[in-house]
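Chains, contacts and geometry: an overview
Residues per chain, in single letters:
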Amino acid sequence: MFRSKKAGAVPLPHVRRRQRAYAIGIGAGLAPIIIACLLLWPDGSPEPPPPPKEAACGTKITVMSSTEKAVLLKALAQEFVQTPAGCYQVEITATGSGAALTALAGGLRAGTGSAADLPEVWSPASSVWYRLLERRTDKSGKALFDEVLAPITQTPLVIALPKPIAEELTKTEPLTWDRILGLANDPAAWKELSKDQWGPFTLGKTNPNFSTAGLTSLLTEYAALSTANPGAISEPDTRDGVLQEKLKTLELATIHYGKTTLDYLCKLAAADKDSAANALRYVSAVPVEEKSVYDYNSGNRDWCEHKLEPKVPLVPVALADGTIMSDSPFAVLAGATPDQVALAHQFHAWLGEQDQQKTFTEAGFRHLDGTLDEAVAKELGVTKTPLTKFTQLPDGLVIDAVLNSWENIRKPARVLLVVDTSLSMKYSMIDNVPAETGEESRLDRAKDALTSSLADFSRRDEVGLWTFSGDSSSSDKPYREVVAPGLIDTKGEELASGINRMQPSGATALYVTIAAAHDWLEKSTTGSYIKAVIVLTDGADAYKGGAYKQSQLTQAISASGAARDPVRVFPIAYGVDAKGEMLEQLGTIASVSGGGSYPAVDRSTIREVLLEVISNF
């Protein structure tokens, strides 16, 4: 493993370029892909030589950026290419680090792809992903990267708390994972602390296989709650029974997992729009990056429907146990041409200049010396001084072991797949007419996607299958159980067979089916589970002239005032009509239940959407 060095002043330093290794790539089917990295510094090397020559006019590089800074980098890149030379191209693209790691590691192990498929630069949220990439590919950084330059900005992991909760929790003592564990394990203590005004204590956590905050949060939990070696993370910790039980208890407070922290912040914004009370009851604490808290409080939420400044702002609280900095390293990949390497150096050096660094810090990132912009600190209600307590990142072997352990400590889910099999599901994917002979229908495509998605559930999840369509002239129930919920390991084949047997007929009995599925799952589930109804439908409710109203449904499934584990509804709007009023109606249904709605307008997106939905569990 290579050593890291902290950048001290701007402009950012250059790192000696090593001799070019070999080109690596990924197939077009995996693009766009980001490559993760860690700061690599040559062992024992003297002072770095001057940077490479200027790139030739017309040189182009693609910079793959983590999502939290991609918009900012795009604006800066547009400014950079208008600097005196004015003949360069710098393209900024964005992809989540966890998804990129999975795709890239698979491609490298298989030896597939070509150098032409690669970006020239990758700037992830955190160097933690590189350690995992190195571990999973069995390749050293020298084989993966041409060179790595210093970080371009940084932001720490914090616990975001609604302001009244933050004021109460930090009134007399600092916040630690042990205190959070105590609140998760003692409902009576939380009820007394909150004066029974904020609902049960809940955590909003993200899937560490996808989310940087989810992964760094899990690492800090391990370090803080370790019984054998407090403050450190080691591979034996992942087999320590006492520690594992503590982590399981903490995870049970999770309302559901999100693919990214933005999922939670959007849902929180929707709850806040309704009322301050709803915001305080939606979630008690969310591990998230400090920059995202600033964006939430500022209403800078381009990814959300609701963009107003919140009634209840969040306060970013740094855990006294220690945090991990998302350090935004900047890597040039093996296979970049000398001119592309030169241009990457020029862009990196320009980003380190005072004016560009000011752009980062005014947007909520921290200075490279660890301080926070004074106006940002005032907005967040924290001091601008650098944080001093950090959790040291372990090596890739330990990080991989921690990720693998999450399968056993995460909160399991109990999920009903509820599939629309009304007559319109035999229609074409591209039009509201029946599919022609040999043409794939909506139901055909749904079957393929649903069958493939069964592999995305955790082995401890329980999954069942319902279908719905109705005869408006009949008194029979328009929904039917195809497979009762059971462990995915034992029910997988039965679920796949049930999905394959689905046939289209009847009308879309959407509302009454969601209400019935929600009620059945609530009453039939015992123990601590994430409870969810995933509804896939291609149309609005069209059953018995709307006898069962949307207002009746939303009242029946409302999570307001519910216990810690309400049943949440995740509708997927499927097909050419997945827009406008249909999306609005499904969004309302999802919102009142505490779930989320997703559009899947064509055959290529349904599989991706199902993966995103299942990442909530």
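Keep in mind that what you see is a predicted model, and the values were worked out from it rather than measured.

Cut-offs used in this document
Chains are numbered independently. Their residues run from 1 in the order of the written sequence. For this predicted model, a pLDDT threshold of at least 70 governs which residues receive local features, and a threshold of 80 or more governs which side-chain atom pairs are given and counted, while totals over whole chains, interfaces and linings are taken from all residues. As a rule here, side-chain values cover all heavy atoms of the structure and leave hydrogens and water aside. A pair of strands is treated as paired once DSSP finds two or more bridges between them. Helix and strand labels come from DSSP, where a helix needs a run of H or I of at least four residues and a strand needs a run of E of at least two; each type is numbered from the N terminus. Note on definitions: angles span 0 to 180 degrees between N-to-C directions of axes, and those axes are lines fitted to C-alpha atoms, for helices only across the stretch in contact. Whether two residues are in contact is decided by their heavy atoms: any pair within 4.5 Å suffices. The span expected for a helix works out to 1.5 Å for each residue beyond the first. Throughout this description, buried means an accessible area under 20% of the type-specific maximum (1.4 Å probe, protein chains only), exposed means over 50%, and partly exposed covers the range between. By definition, disulfides here are pairs of cysteine sulfur atoms that lie within 2.5 Å. Any angle from 65 to 115 degrees is called roughly perpendicular, while one under 35 is roughly parallel, one over 145 is roughly antiparallel, and all others are oblique. When residue character is reported, Ala, Val, Leu, Ile, Met, Phe, Trp, Tyr, Cys and Pro are called nonpolar, Asp, Glu, Lys and Arg charged, and the others, Gly included, polar. We call Phe, Tyr and Trp rings a pair once their centres come within 6.5 Å, taking the six-membered ring for Trp, and we label the pair stacked below 30 degrees between planes, edge-to-face above 60, and tilted otherwise. Whenever two N or O atoms come within 3.5 Å, that pair is a polar contact, provided that in protein one can donate a hydrogen and the other can accept it, and provided that, for residues adjacent in sequence, both atoms are side-chain atoms.

This paragraph deals with the sheet that holds strand β17 (residues 598–600). Strand order in the open sheet formed by six strands is β14-β13-β12-β15-β16-β17, and the pairing between neighbours is mixed. Because the sheet does not close on itself, it has two edges, and the strands there are β14 (479–487) and β17. Strand-to-strand, the axes of this sheet are offset by a mean angle of 15°, without reference to chain direction. Inspection of the sheet shows strand β13 (residues 462–468) paired to β14 by six bridges, in the antiparallel sense. Paired with Glu-462 across the two strands is Leu-487, which belongs to β14. Its contacts with the sheet place helix α17 (residues 442–453) against β12 (413–420), β15 (530–537) and β16 (567–574), and it is angled at close to 135° to β16.

Now for the side chain of Lys-491. Within the secondary structure layout, Lys-491 lies in helix α18 (residues 488–500). With residues near it in sequence (within four places) discarded, Lys-491 still touches Val-483, Ala-484, Pro-485 and Gly-486.

In an α-helix, one full turn covers 3.6 residues, which means residues spaced three or four apart are oriented alike. Given a rise of 1.5 Å per residue, 14 residues ought to cover 20 Å, and the 20 Å separating the end C-alpha atoms of helix α10 (residues 261–274) matches this to within 8%. Of all 14 residues in α10, eleven are buried, a share of seventy percent or more. The complete set of buried residues in α10 reads Thr-261, Asp-263, Tyr-264, Leu-265, Cys-266, Lys-267, Leu-268, Ala-269, Ala-270, Ala-271 and Asp-272.

Another aspect to go through is unusual backbone geometry. At Lys-195, a position not held by glycine, the phi torsion is positive, near 55°. The topology assignment puts Lys-195 in the loop between α7 (187–193) and β6 (203–206). Despite not being glycine, Ser-328 has its phi angle at roughly 45°, a positive value. Here Ser-328 is to be found in the loop between β10 (325–326) and β11 (330–333).

Before going further, it helps to examine the state of the cysteines. Each disulfide consists of a covalent bond between the sulfur atoms of two cysteine residues. Summed over the entire model, instances satisfying the criterion amount to one disulfide. For Cys-57, the disulfide goes to Cys-87, at an S-S distance of 2.3 Å. With Cys-57 in the segment before β1 (60–65) and Cys-87 in the loop between α1 (67–80) and β2 (89–94), this pair connects stretches of sequence that are 30 residues apart. Here Cys-87 falls in the partly exposed class, since its relative accessible area comes to 22%.

Before going further, it helps to examine the packing of α1 against helix α13 (residues 338–351). Between α1 and α13, the least distance of the axes is 11 Å, while the angle of their chain directions is 110°. Judged by the angle between their axes, α1 and α13 are roughly perpendicular. Where α1 abuts α13, its residues Leu-73, Leu-76, Ala-77, Glu-79 and Phe-80 lie against Leu-343, Gln-346, Phe-347, Trp-350 and Leu-351. Here the contact of α1 with α13 is composed, by residue class, of eight nonpolar, one polar and one charged.

Turning our eyes to something else, we now look at the packing of aromatic side chains. Overall, the coordinates contain eleven aromatic pairs when judged by the stated rule. Ring centres 5.0 Å apart and planes at 80° place the aromatic pair Tyr-257 and Trp-406 in the edge-to-face group. Of this pair, Tyr-257 sits in strand β7 (residues 254–258) while Trp-406 sits in helix α16 (residues 396–409); the two residues are 149 residues apart in sequence, bridging distant segments of the chain. Take Tyr-257: its relative accessible area is 0%, and that puts it in the buried class. By relative accessible area, which is 6% here, Trp-406 ends up buried.

Between its terminal C-alpha atoms helix α8 (residues 212–225) stretches 20 Å, which fits the 20 Å expected from 14 residues at 1.5 Å a residue. Most of α8 is tucked away: 13 of the 14 residues are buried. At the N-terminal end of α8, a side-chain oxygen is found 3.3 Å from the backbone nitrogen of Ala-213, two or three residues along, and the residue is Ser-211.

Interpretation in functional terms is not warranted from these geometric data alone.
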